[in-house]
Amino acid sequence: MKLIVPMAGRGTRLRPHTHVTPKPLLPVVGRTMVERIVETFATAIGDFDEAVFILGPDFGDDVREQLTAICERFGIEASFGVQSAARGTAHAIAQAGDKLAGECVLVFADTLFVMDSAPDLDADAVVWVMEVEDPSRFGVVVKDGDRITDFVEKPDTPISNEAIVGIYYVKEGERLAAEIAYLMDHDITGKGDEFQLTDALDRMLKDGAAFKTARVTEWLDCGTIPAIKETSQVVLGKEGENRKEGTVENSQLIEPVFIGEGAVVKDSVVGPYAAIHGGATITESAVRNSIVFGDATIDGAALDGSMVGHSADVRGFAGTLNIGDHATVGPEV
């Protein structure tokens, strides 16, 4: 079985943190989004022999090396496609080429998921859903019993509260590939004048394919600055008390807190809901409700609700910050 992960998007809503780092490679409490996604499905399904990552045209060898290393930890081979232009979700999946064959799970790397049980894949296709209070914000499925009969994008009337979360299983990838090719060959576009995966799936549905749903118990958005902060807090609430990998000297930690490998916290108060990533240094500071990425330096500062980029330097500042990699706030050193 193959895991296909489109991740060519530029992550513009997470800037400045995605100017250099692709969004799925940003860490959430010490582990990148994409690593958490691979682990979720390797654990829940366990039959993957290959993961296919759809990258942007300017993603360097370092990205491929990181993704390959992630897959090796789970005994999965990594391969890559490239989406040279943003032409929609179906177009992204098409860049898997001949890898879109046999059993495939498609996962869009914008969100994290929690599944309490292994999904039932006894169908031509499976769409993961979660019940939501306001289905008008999402694409939803309409069902007859346990079988999907229709897809509706952002319904104006309450036709279903089962929102599509961006995970799909297909038993025959070739069948989906053929429907995507039909859309592209006939220039059939949907929202945003782009080729949409749900349109290809809808063609399969109307051609008689049997569709079922599977459920996630949590659906954690990572697509915006407020969302990734909130998701970090949720994950910290689950993992923070067991994630102290760095050095803490003469400091108070208020749970939940994550201290990454190689991080140093000295003469400071950190937490609650603070994620201090590997190699960061916190001295004579207070940091709460914040994300501090790797190798950043915080000295003589008081941060609340902040995001501090990789290798950034913050000194003598009190308040809320959102600064990117290698930025400096405070006196020059």
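Residues numbered from 1 in each chain as written. Predicted model: local features only at pLDDT ≥ 70, side-chain atom pairs only at ≥ 80, totals over all residues. Heavy atoms only, no water.

Colleague: In this structure, what is going on with the overall build of the chain? I would like to understand it.
Modeller: Across its full length, the chain carries six helices and 29 strands. Taken against the 2.2 N^0.38 rule, which gives 20 Å for 333 residues, the C-alpha radius of gyration of the chain at 21 Å falls within 12% of a compact globule. Along the first, second and third principal axes, the C-alpha set of the chain runs to 65 × 40 × 35 Å. Counting across all 333 residues of the chain, residues that qualify as buried make up 51%. Relative to all contacts within the chain whose residues are 6 or more apart in sequence, the contacts with residues 24 or more apart total 53%. When the accessible surface of the chain is totalled, it reaches about 14400 Å², and 45% of it is carbon and sulfur. Computed over 29 positive and 54 negative side-chain charges, the separation of the two mean positions in the chain equals 2 Å. (Helix = DSSP H or I, 4+ residues; strand = E, 2+ residues; numbered from the N terminus. Rg over C-alpha atoms; globule rule 2.2 N^0.38 Å. Buried < 20%, exposed > 50% of the residue type's maximum accessible area, 1.4 Å probe, protein only. Contact = heavy atoms within 4.5 Å. Areas by Shrake-Rupley, 256 points an atom, 1.4 Å probe, with all protein chains shown as cover. Lys, Arg positive; Asp, Glu negative; His and termini not counted. Charge placed at Lys NZ, Arg CZ, Asp CG, Glu CD.)

Colleague: Teacher, can you tell me more about the sheet that holds strand 15 (residues 252-253) here?
Modeller: By definition, the strands of a sheet pair up through backbone hydrogen bonds, in either a parallel or an antiparallel sense. Here we have five strands laid out as an open sheet, ordered 15-18-21-24-27, and parallel in their pairing. Every interior strand has two partners, whereas the edge strands, strand 15 and strand 27 (318-319), have only one. (Pairing = 2+ DSSP bridges.)

Colleague: Before we go on, may I ask you to explain the packing of aromatic side chains in this structure?
Modeller: What characterises a pair of aromatic rings is the spacing of the ring centres plus the angle enclosed by the ring planes. Taken as a whole and assessed by the stated rule, the structure comprises four aromatic pairs. Look at Phe41 and Phe113: their rings are 6.5 Å apart centre to centre, the planes differ by 70°, and that puts the pair in the edge-to-face class. Taken together, the residues Phe41 in helix 1 (residues 33-44) and Phe113 in strand 7 (residues 111-114) connect sequence positions 72 residues apart. The same class applies to Phe41 as to Phe113, namely buried. Grouping aromatic residues by their ring pairs yields a cluster made of Phe41, Phe113 and Trp128. One cation-aromatic arrangement involves Arg64 over Phe80; the distance from NZ or CZ to the ring centre is 5.5 Å. A cation over a ring is seen here: Arg203 above Tyr182, with NZ or CZ 3.7 Å from the ring centre. (Phe/Tyr/Trp six-rings, centres within 6.5 Å; stacked < 30°, edge-to-face > 60°. Lys NZ or Arg CZ within 6 Å of the ring centre and 35° of its normal.)

Colleague: Quick question: what am I supposed to make of the sheet that holds strand 17 (residues 264-266) here?
Modeller: Read across the open sheet, the six strands follow the order 14-17-20-23-26-29; overall the sheet is parallel. Each of the sheet's edge strands pairs with one partner strand only, and the pair in question is strand 14 (247-249) and strand 29 (328-329). The pairing of strand 20 (residues 281-283) with strand 23 (residues 297-299) spans three bridges and is parallel. By the bridge assignment for strand 23, Thr283 is matched with Asp299.

Colleague: I tried to follow the pattern of salt bridges on my own but got confused; where do I start?
Modeller: Any two side chains of opposite charge can pair if their charged atoms end up close together. Scanning the model with the defined rule gives 16 salt bridges in all. Ionic pairing is found between Arg215 and Glu162, a salt bridge with its closest N-O pair at 2.2 Å. One end of the pair, Arg215, is in strand 12 (residues 211-215); the other, Glu162, is in strand 11 (residues 162-170), with 53 residues separating them in the sequence. Residues participating in the shared-partner salt-bridge network are Glu131, Lys143, Glu162 and Arg215. (Salt bridge = Lys/Arg side-chain N within 4 Å of Asp/Glu carboxyl O.)

Colleague: Would you explain the environment of Glu179 in this entry?
Modeller: Relative to the elements of secondary structure, Glu179 occurs in helix 4 (residues 173-185). Through-space distance from the C-alpha of Glu179 to that of Ala200 is 5.2 Å; in sequence the pair is 21 residues apart. In this view, Glu179 contacts Ala200, Arg203 and Met204; residues no more than four positions away in its chain are not counted.

Colleague: Got a minute to help me understand the nonpolar core in this structure?
Modeller: In summary, soluble globular proteins display a tendency toward joint burial of nonpolar side chains. Formed by 54 residues in total, the largest nonpolar core has its most connected members in Leu3, Phe41, Phe53, Leu67, Val105, Trp128 and Ile167. Top element by residues in this core is helix 1. It accounts for seven residues. Discounting chain neighbours no more than four positions away, the residues touching Ile167 are Phe41, Val105, Leu106, Val107, Phe113, Val126, Val127, Trp128 and Val216. (Core = buried A, V, L, I, M, F, W, Y, C linked by side-chain atoms within 4.5 Å.)

Colleague: What is the right way to look at helix 2 (residues 61-73) in this model?
Modeller: Helical geometry: 3.6 residues make up each α-helical turn, so side chains three or four residues apart lie on a common side. Look at helix 2: 19 Å from first C-alpha to last across 13 residues, which is about the 18 Å you get at 1.5 Å a residue. Of all the residues in helix 2, the buried ones are Val63, Leu67, Ile70 and Cys71. Buried residues along helix 2 cover an arc of 95° about the axis, so they all sit on one side. Pointing more than 90 degrees away from the buried face of helix 2 are the exposed residues Asp61, Glu65, Glu72 and Arg73. (Expected span 1.5 Å × (residues − 1). Arc of directions from axis to C-beta.)

Colleague: Mind showing me how you'd approach the packing of helix 4 against helix 5 (residues 197-206) here?
Modeller: When two helices pack together, their arrangement is captured by the angle between the axes and the distance separating the axes. Contact geometry for helix 4 and helix 5: axes closest at 9 Å, N-to-C directions at 115°. The way helix 4 lies across helix 5 gives a crossing that is right-handed. For the pair formed by helix 4 and helix 5, the contact residues are Arg175, Leu176, Glu179, Ile180, Tyr182 and Leu183 on the first element and Leu197, Asp199, Ala200, Leu201, Arg203 and Met204 on the second. Here the contact of helix 4 with helix 5 is composed, by residue class, of eight nonpolar, no polar and four charged. (Axes fitted to C-alpha atoms, helices over the stretch in contact; angles between N-to-C directions. Left-handed = near helix turned anticlockwise from the far one by under 90°. Nonpolar A, V, L, I, M, F, W, Y, C, P; charged D, E, K, R; others polar.)

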